[in-house]
Amino acid sequence: MKYALLSDLHGNLHALDACLAHARAQDVHQFAFLGDLVGYGAYPAQVLERVMALVSCGAPCVRGNHEEVTLTPPEVIRRAQDESAAWTHAQLNPMQLSFLNNLPLTAKLEMDALLVHASADKPENWHYVEDSNAAERSMRAAAEHDPAIRYVFSGHVHSQALYFLTPTAKLMRFTPEPGVSIPVPPHRQWLAIIGSCGQPRDGDPRAMYAVYDSEAALMTFHRVDYDYVAAAAAIRATHVLPEFFADRLEQGM
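Residues numbered from 1 in each chain as written. Predicted model: local features only at pLDDT ≥ 70, side-chain atom pairs only at ≥ 80, totals over all residues. Heavy atoms only, no water.

A separate point is the overall build of the protein chain. Within the protein chain one finds eight helices and 11 strands. With respect to the principal axes defined by its C-alpha atoms, the protein chain has extents near 55 × 35 × 35 Å. The burial tally for the protein chain puts 57% of its 253 residues in the buried class. Long-range pairs, those at least 24 residues apart, make up 73% of the contacts in the protein chain between residues at least 6 apart in sequence. In the structure as shown, the protein chain presents an accessible area of about 10800 Å², 52% of it carried by carbon and sulfur atoms. Here the protein chain carries 19 positive and 29 negative side-chain charges, and the mean point of each set is 4 Å from the other. (Helix = DSSP H or I, 4+ residues; strand = E, 2+ residues; numbered from the N terminus. Buried < 20%, exposed > 50% of the residue type's maximum accessible area, 1.4 Å probe, protein only. Contact = heavy atoms within 4.5 Å. Areas by Shrake-Rupley, 256 points an atom, 1.4 Å probe, with all protein chains shown as cover. Lys, Arg positive; Asp, Glu negative; His and termini not counted. Charge placed at Lys NZ, Arg CZ, Asp CG, Glu CD.)

Below, the structure written as structure tokens:
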């Protein structure tokens, strides 16, 4: 099976549609979503329409921290994220809110891969996996929960990375090159940070996603061009969401 893994969509319909089209051109068999479907972007309801349709066809989907804050936005607005959560909540219908409320923190992909938005080490605490120590904790927690797990696929960090354990149990970090397939044999443990479809933060505005081929044991990380100028304009057109959210899309930061 070839799976398209998408994370941190953040209400960015332009980026999501571009990644879905790109993935379908790679002949993927199924999609999987790693959380933060909403927040920041101007099209939360439309993004959820796309995701919910794919979930109804079998795509697994897990909850992110932005789903949580959208379901119960702060009563007092203190930060830009609070304003985004309150506005996003108001855009969603009861069915969409119910969908978010019922998302699990983790899900399995086949028998040996775990999907989680942040770290598998206490996923409800939304720990960032930004270095080797955090990656090792996540991989260890996943294996302790289920020894069959060889792969952990995560989002939350808005850049792409691949970690693996060597035969001597040394953890290595690899920065993938877009479009280049990487062998990920199951005799090792792997943790892939998929990156953000809807809000990249590595200085490159192109959308991110990855394809996992379970039969061939290959990972391919992708960057996809999309109309981020239109996505930024849609944020500004809300006259509610902060200008900063639009600027960040244009700068890839």
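Moving on: the sheet that holds strand S2 (residues 30–33). The mixed open sheet is built from five strands, whose spatial order is S2-S1-S10-S11-S8. Of all the strands in the sheet, just S2 and strand S8 (181–183) have a single pairing partner and so form its edges. Each adjacent strand pair in this sheet contributes to an overall mean axis angle of 25 degrees, direction not counted. Set on the sheet, helix H1 (residues 13–25) makes contact with strand S1 (2–6), S2, strand S10 (207–213) and strand S11 (218–224); between it and S10 the angle comes to about 30 degrees. (Pairing = 2+ DSSP bridges. Axes fitted to C-alpha atoms, helices over the stretch in contact; angles between N-to-C directions.)

Here we come to the environment of Phe244. Mapped onto the elements of the fold, Phe244 is located in helix H8 (residues 243–251). The sequence separation of Phe244 and Cys197 amounts to 47 residues, and the corresponding C-alpha distance is 18 Å.

Here we come to the pairing of S2. The alternating pattern of S2 places Gln30 and Ala32 on one face and Phe31 and Phe33 on the opposite face, and all of these are buried. Where S1 meets S2, four bridges bridge the pair, whose relative direction is parallel. Opposite Ala4, over in S2, you have Phe31 as the bridge partner. At this point the chain moves from S1, through H1, to the parallel S2, and the crossover so formed is right-handed. (Right-handed = clockwise from strand over helix to strand, strands pointing away.)

Turning to helix H5 (residues 94–101), its buried residues number three or more, namely Gln96, Leu97, Phe99 and Leu100. Viewed along the axis of H5, the buried residues span an arc of 155 degrees, placing them on a single side of the element. In H5, the exposed residues that point more than 90 degrees away from the buried face are Pro94 and Met95. Near the N-terminus of H5, the side chain that reaches the backbone nitrogen of Met95, with its oxygen 3.0 Å away, is that of Asn93. (Arc of directions from axis to C-beta. Polar contact = N/O pair within 3.5 Å; in protein donor to acceptor, adjacent residues only side chain to side chain.)

On to the packing of helix H2 (residues 44–55) against H5, then. As a packed pair, H2 and H5 sit with axes 11 Å apart at the nearest point and diverge in direction by 60 degrees. Taken together, the axes of H2 and H5 lie oblique to each other. As for the relative orientation of H2 and H5, their crossing is left-handed in sense. Every residue of H5 that contacts H2 at Ala45, Leu48, Glu49, Val51, Met52 and Val55 is listed here: Met95, Gln96, Phe99 and Leu100. Here the contact of H2 with H5 is built from residues that sort into eight nonpolar, one polar and one charged. (Parallel < 35°, antiparallel > 145°, perpendicular 65-115°, else oblique. Left-handed = near helix turned anticlockwise from the far one by under 90°. Nonpolar A, V, L, I, M, F, W, Y, C, P; charged D, E, K, R; others polar.)

Read across the open sheet, the six strands follow the order S3-S4-S5-S9-S6-S7; overall the sheet is mixed. Each edge of the open sheet carries a strand with a single partner, namely strand S3 (106–109) and strand S7 (171–174). The mean inter-strand angle of the sheet, taken between neighbouring strand axes irrespective of direction, is 20 degrees. Examined bridge by bridge, strand S6 (residues 161–165) and strand S9 (residues 190–193) share four bridges and lie antiparallel to one another. Following the sheet pairing, Leu162 is matched in S9 by Ala192.

Right, let's get into unusual backbone geometry. Of note in the backbone geometry, Asp36 takes a positive phi value of approximately 55 degrees without being a glycine. Locating Asp36 in the fold gives a position in the loop between S2 and H2. Notably, Lys122 is not glycine yet its phi reads approximately 55 degrees, a positive angle. Of note, Lys122 is situated in the loop between strand S4 (113–116) and helix H6 (132–145). Residue class for Lys122 comes out partly exposed when judged on its relative accessible area of 46%.

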